[in-house]
Amino acid sequence: MPDETPPPAVQDDAPAATAIAAADAVEQVEQLKQEAKADQRFPFGRPGEPFGRHHPFVFGFTAALGVMTAYLLLKAATGAKDTLVTIVVAMFLAVGLNPAVERLKRLGLSRGWAVAVVFLGVVLFFAGVVASLVPPIVDQVNGLTQNLPHYIQQLQGNKRISDWDRRYHLLQQAQDKLNDSNFQQKMANWAVEAGKQALSGTFKTLTVLILTLYFLGSLPQIKAFFYQLVPRTRRARVALLGDEILDRIGGYVAGQFTIAFIAGLTSYIFLEILGVPYALALALIVAVTDLIPLVGATIGAVIVCLVAFLTGVYEGIAAVIFYVVYQQIENYLVYPRVMKKTVDVQPAVTIVAALIGAALLGVVGALIAIPTAAAISLLIREIVLPRQESA
């Protein structure tokens, strides 16, 4: 039978064919280069069609760039969280104090003098709080330090304490604990940390006050700048909605200060009648904590009731009864009447907004949550619902 195996020469021609094809490709490229050089307008070759917006490369690159930008912005915002919160609080206070400035302007003062008067009132309020709280704290600490040996003697004279001390050597263990170098080092570290926190709080407070002064003085220019970013055809509507939102925030702040003032004044009168010491300082504590939504009034009432019980059992019982009754009056009579005229938010929305704000930003979030909910409610009523009705 004949051999059907192909001759070896056919297999040896494959590398030669590849070399010829490569040489042809090089010659073709050189020919194209010569043709391109002949064109005077495009000496380096005629440009090809650009990538379209929906080209896979353009889409992928744009998406990756957007994700990277969003990540960097989120990382930067997380790193600057404290600074951003300080700016938000200062702007919130400036918007809240602006109605008072506008009232003084209507009385004939210029905006500069009106801002100075309002800001002076804020500074005097903070100074009054500090001046009322620091002396009682210093007196109590000094009194505790001076009377500590007497308290220890009273404990030793108590039969039950003496019996426990004989069994378990409680006083000796407490004395050994106080004399322990590790315990003293921990207390020293705690004192240093407390001092750092106090200095940090003081610096943040001063920063907020200074930023509030700047924002309050230039609030009209800030509003005009943001309104100019809106297209001219929509600028009037945006300006009207924006002014309404700012008015509601100002009304909320004014309402909160009104409610806090009523709570503080009522507490001061009650504590003076009851004869509880440091009535002014306790009343200021009630007024400041009453600014915190939901739990602030309860916190202030608990502090005052504890001090009243230290004064006497009857005074403590009277304080508990007073604050239980007063909180019901504030929750069902004072708060709804004041806030209904300012923010106009449903009670359920108020509670939910305060809870979400507290979960996100703590006390600051709870403070700004309610006016934020009022602003969102206004935008939904004026923008979203009309579009839904016309769709």
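Everything numeric here is computed off the predicted structure, so don't read it as measured data.

**Comments concerning the environment of Phe-309**
Inspection of the secondary structure puts Phe-309 in helix 11 (residues 296–311). Under the relative-accessibility criterion, Phe-309 is labelled partly exposed at 38%. In the structure, Phe-309 is positioned 10 residues away from Ala-319 in sequence and 8.5 Å away in space, judged by C-alpha atoms.

**As for the pattern of salt bridges**
For the structure shown, the criterion picks out three salt bridges. Note that Lys-223 is salt-bridged to Asp-243, the shortest N-O span being 3.6 Å. Of this pair, Lys-223 sits in helix 8 (residues 219–228) while Asp-243 sits in helix 9 (residues 232–274), placing them 20 residues apart in sequence. Judged by relative accessible area, Asp-243 falls into the partly exposed class, the value being 28%. For Arg-248, the salt bridge goes to Glu-244, with nearest N and O atoms at 3.3 Å. Taken together, the residues Arg-248 and Glu-244, both in helix 9 and four residues apart, mark about one turn of the helix. Taking the relative accessible area as the measure of exposure, Glu-244 reaches 32% and is therefore partly exposed.

**Topic: the packing of aromatic side chains**
If you walk through the whole model with that rule in mind, you get six aromatic pairs. A ring pair is formed by Phe-225 and Phe-226, whose centres lie 5.4 Å apart and whose planes are at 75 degrees; its orientation type is edge-to-face. When its relative accessible area of 48% is taken as the criterion, Phe-225 is described as partly exposed. Residue classification places Phe-226 among the exposed positions, given a relative accessible area of 51%. An aromatic cluster of three or more residues is present, and its members are Phe-270, Phe-322, Tyr-323 and Tyr-326.

**Considering the side chain of Thr-86**
Assignment of secondary structure puts Thr-86 in helix 3 (residues 81–106). Exposure remark for Thr-86: the relative accessible area of 16% places this residue in the buried category. Among the polar contacts made by the side chain of Thr-86, one reaches the main-chain carbonyl oxygen of Asp-82 at a distance of 2.9 Å. Among all residues touching Thr-86, those that are not within four sequence positions of it are Thr-207, Val-208 and Leu-211.

**A word on the packing of helix 9 against helix 10 (residues 279–289)**
As a packed pair, helix 9 and helix 10 sit with axes 8 Å apart at the nearest point and diverge in direction by 155 degrees. In this view, helix 9 runs roughly antiparallel relative to helix 10, as classed from their interaxial angle. Helix 9 and helix 10 meet at a crossing whose hand is right-handed. Contacts between helix 9 and helix 10 involve Ala-260, Ala-263, Gly-264, Ser-267, Tyr-268, Leu-271 and Glu-272 from the former and Ala-279, Leu-280, Leu-282, Ala-283, Val-286 and Ala-287 from the latter.

**Describing the packing of helix 8 against helix 9**
It is at 10 Å that the axes of helix 8 and helix 9 come closest, and there the two elements cross at 140 degrees. Here helix 8 lies oblique to helix 9, going by the angle between them. In this structure, the crossing between helix 8 and helix 9 has a hand that is right-handed. Contact residues: Lys-223, Tyr-227 and Gln-228 in helix 8; Arg-235, Val-238, Ala-239, Gly-242, Asp-243 and Leu-246 in helix 9.

**Quick word on the confidence of the model for the protein chain**
Taken over all residues, the pLDDT of the protein chain has a mean of 79, while the share at 70 or more is 80%. Model confidence for the protein chain, summarised as mean pLDDT per element, is weakest for helix 1 (residues 8–38) at 65 and strongest for helix 8 at 90.

**Focus on the nonpolar core**
Leu-271, Val-304 and Tyr-323 are the most contacted members of the largest nonpolar core, which totals 15 residues. When contributions to this core are tallied by element, the ones reaching two or more residues are helix 9, helix 10, helix 11 and helix 12 (313–340). Excluding residues within four positions of it along the chain, Val-304 makes contact with Leu-271, Leu-282, Val-286 and Tyr-323. Formed by 14 residues, the second largest nonpolar core is a distinct cluster that contains Phe-92, Met-339, Ala-375 and Leu-378.

About the thresholds
Residues numbered from 1 in each chain as written. Predicted model: local features only at pLDDT ≥ 70, side-chain atom pairs only at ≥ 80, totals over all residues. Heavy atoms only, no water. Helix = DSSP H or I, 4+ residues; strand = E, 2+ residues; numbered from the N terminus. Buried < 20%, exposed > 50% of the residue type's maximum accessible area, 1.4 Å probe, protein only. Salt bridge = Lys/Arg side-chain N within 4 Å of Asp/Glu carboxyl O. Phe/Tyr/Trp six-rings, centres within 6.5 Å; stacked < 30°, edge-to-face > 60°. Polar contact = N/O pair within 3.5 Å; in protein donor to acceptor, adjacent residues only side chain to side chain. Contact = heavy atoms within 4.5 Å. Axes fitted to C-alpha atoms, helices over the stretch in contact; angles between N-to-C directions. Parallel < 35°, antiparallel > 145°, perpendicular 65-115°, else oblique. Left-handed = near helix turned anticlockwise from the far one by under 90°. pLDDT = per-residue confidence, 0-100. Core = buried A, V, L, I, M, F, W, Y, C linked by side-chain atoms within 4.5 Å.

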